[in-house]
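# Inside the fold
So the chains spell out like this:
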Amino acid sequence: MICSLSHEGVSSPAFSRIQIKKWPEICVCMPIVCQQCQDPPCMAICPTGARKRIVATGAVITDTKWCVGCKSCIYACPYGSPVVHPGIQKTITCDLCDGKPLCTEVCTAGALSYSDDKFAIEKKLAFAQKVASLARLK
Ligand code: SF4
Ligand code: SF4
C-alpha cells in the first residue's frame, strides 16, 4: 500500500511495484520484487530501450516515454517482477524509492530489508530457487 500511495497517490495493490504472491495451501506469502539484475534480461529484450538502469541507485526501471507496452520484459524476467500499470498499460517495477525503499520502513514484521549490495548473486539465486520450489509445490 505504501508503494501504491507514494507512487500513484492511491491505495491499491494493483499499482504497487512490489507484489505479494500467496500460497495459502502451504501457508506461505512471498514478496515478488525486482532484483535489479546485474545483466537484466528485461533490458536485453526490450525493443525500445525503455528498460534502463538509474546510475545513482542501480534501479532498473521502465522509462514510460519509450515503453510501448509489448510486455516482453514480463516474459523475460526470471523473477516475475514487472507488472502492467492498470492505467497507462506500461510496465512498472521497483525503483528503490531513490535508494530508500519505503516498503522496508513500514514493514512491521521485519520481513523486508534493503541492502545496497546490488549484485549479491548468491542471495538472488537463493531467492529464485525458493520461488521455483514453491511454484513446483503448487
Ligand atoms: S525486472 Fe526482472 S529481469 Fe529486470 S532487473 Fe528486475 S528482476 Fe531482473
Ligand atoms: S513492455 Fe515496455 S519496457 Fe517492457 S519490453 Fe515492452 S517496451 Fe520494453
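Before reading further, recall that the structure is shown in the block above.
None of the values given here were measured: they were computed from a predicted structure.

Moving on, we come to the overall build of the protein chain. When helices and strands are counted, the protein chain shows 5 helices and 6 strands. Each of the 138 residues in the protein chain was classed as buried or not, and the buried ones make up 22%. Contacts spanning at least 24 positions in sequence make up 50% of the contacts within the protein chain whose residues lie at least 6 apart.

By the secondary structure assignment, tryptophan 66 is in the loop between strand E4 (60–62) and helix H3 (72–76). Sequence separation of tryptophan 66 and lysine 90 is 24 residues, and the distance between their C-alpha atoms is 9.6 Å. When neighbours within four sequence positions are excluded, tryptophan 66 is seen to be in contact with Thr48, Gly49 and Ala50.

Our focus in this paragraph is the site of ligand 1. Close to ligand 1 lie 13 residues, the nearest being Cys34, Cys37, Pro40, Cys42 and Cys77. Of the residues belonging to the shell around ligand 1, the class tally is 9 nonpolar, 4 polar and no charged.

In this section: the site of ligand 2. Surrounding ligand 2, one finds 16 residues, the nearest of these being Cys46, Cys67, Cys70, Ser72 and Cys73. Tallied by class, residues from the shell around ligand 2 come to 8 nonpolar, 5 polar and 3 charged.

We now examine unusual backbone geometry. Peptide bonds are mostly trans, and most non-glycine residues show a negative phi. In this structure, cysteine 27 is a non-glycine residue whose phi angle is positive, near 55°. One non-glycine residue with positive phi stands out, namely lysine 71, at about 75°. In this fold, lysine 71 is placed in the loop between E4 and H3.

We now examine the pairing of strand E2 (residues 28–32). Regular strands show a simple pattern: their side chains alternate between the two faces of the sheet. Taken together, the 5 bridges between strand E1 (residues 19–23) and E2 define a ladder with antiparallel strand orientation. Bridging across to E2, glutamine 19 finds its partner in isoleucine 32. The hairpin formed by E1 and E2 contains 4 residues between the paired strands, and cysteine 27 there has a positive phi angle of roughly 55°.

Position of proline 41 among the secondary structure elements: in helix H2 (residues 41–45). Residue classification places proline 41 among the partly exposed positions, given that 16 C-beta atoms sit within 10 Å. It is 5.7 Å that separates the C-alpha atoms of proline 41 and alanine 76, two residues lying 35 residues apart in sequence. Each residue touching proline 41, except ones within four places of it in the same chain, is listed here: Ala76, Cys77 and Pro78.

Turning next to the environment of isoleucine 20. If you trace the backbone, isoleucine 20 turns up in strand E1. Spatially, the C-alpha atoms of isoleucine 20 and methionine 30 are 5.6 Å apart, while their sequence positions differ by 10 residues. Those residues within four positions of isoleucine 20 in sequence are excluded, and the remaining contacts are Cys29 and Pro31.

What counts, and at which threshold
Residue numbering note: each chain is counted from 1, following its sequence as written. Chain A is the first chain written and ligand 1 is the first ligand written, with later ones labelled in order. Owing to the predicted nature of the model, reporting of local features is limited to residues with pLDDT of at least 70; listing and counting of side-chain atom pairs is limited to 80 or more, with chain, interface and lining totals taken over all residues. A run of H or I in DSSP counts as a helix once it spans at least four residues, and a run of E counts as a strand once it spans at least two, with each numbered from the N terminus. To sort residues by burial, count the other C-beta atoms lying within 10 Å of each one's C-beta; a count of 20 or more means buried, 12 or fewer means exposed, and anything in between means partly exposed. C-beta atoms are built from the backbone. Our contact criterion uses C-beta atoms placed from the backbone: two residues qualify when those atoms are within 7 Å. Note on definitions: a residue is near a molecule or strand provided its C-beta atom, placed from the backbone, lies within 6 Å of it. For this classification, Asp, Glu, Lys and Arg are treated as charged, while Ala, Val, Leu, Ile, Met, Phe, Trp, Tyr, Cys and Pro are nonpolar and the rest, including Gly, are polar. The criterion for strand pairing is that DSSP finds at least two bridges linking the strands in question.

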